[in-house]
Amino acid sequence: MLIDLGKERERREAALNGPDSNCIVRDSEGRPMLLFAIDWHHDGRRWTVQIAAYDWEDAEARVASMRASLEVSGQVVAQGSAPWYMGQSPDV
């Protein structure tokens, strides 16, 4: 077995400089998605939420979509774990 030390070094550096494992989620097909902080200002304060996206450009595209179509869809009255949150589709 031949080991490419350069590739191994790159893999280790990426692991050290990359996000923590709890900052990576998986889509319904098992592909990794990164978490991004989205900030906005309202009533003199700064607010932040998290979204999942495949990369920085995807996160920016999602924010652009949010700007065009964001709306209040209802009040949250309970919270808990859901199967789809763990990378499964909602209809499982």
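This text goes with the structure placed above it.
Residues numbered from 1 in each chain as written. Predicted model: local features only at pLDDT ≥ 70, side-chain atom pairs only at ≥ 80, totals over all residues. Heavy atoms only, no water.

J.: Residues and numbers for the pairing of strand β2 (residues 32-42), please.
T.: Where strand β1 (residues 24-26) lies against β2, three bridges are found, and the strand directions are antiparallel. Paired with isoleucine 24 across the bridge in β2 is leucine 34. Counting the residues in the hairpin turn of β1 and β2 gives five residues, including glycine 30, whose phi is positive at 85 degrees. The pairing of β2 with strand β3 (residues 45-53) spans nine bridges and is classified as antiparallel. Residue pairing for β3: phenylalanine 36 is matched across the bridge by isoleucine 51. Here β2 folds back onto β3 in antiparallel fashion, the turn holding two residues, of which aspartate 43 has a positive phi close to 55 degrees. (Pairing = 2+ DSSP bridges. Helix = DSSP H or I, 4+ residues; strand = E, 2+ residues; numbered from the N terminus.)

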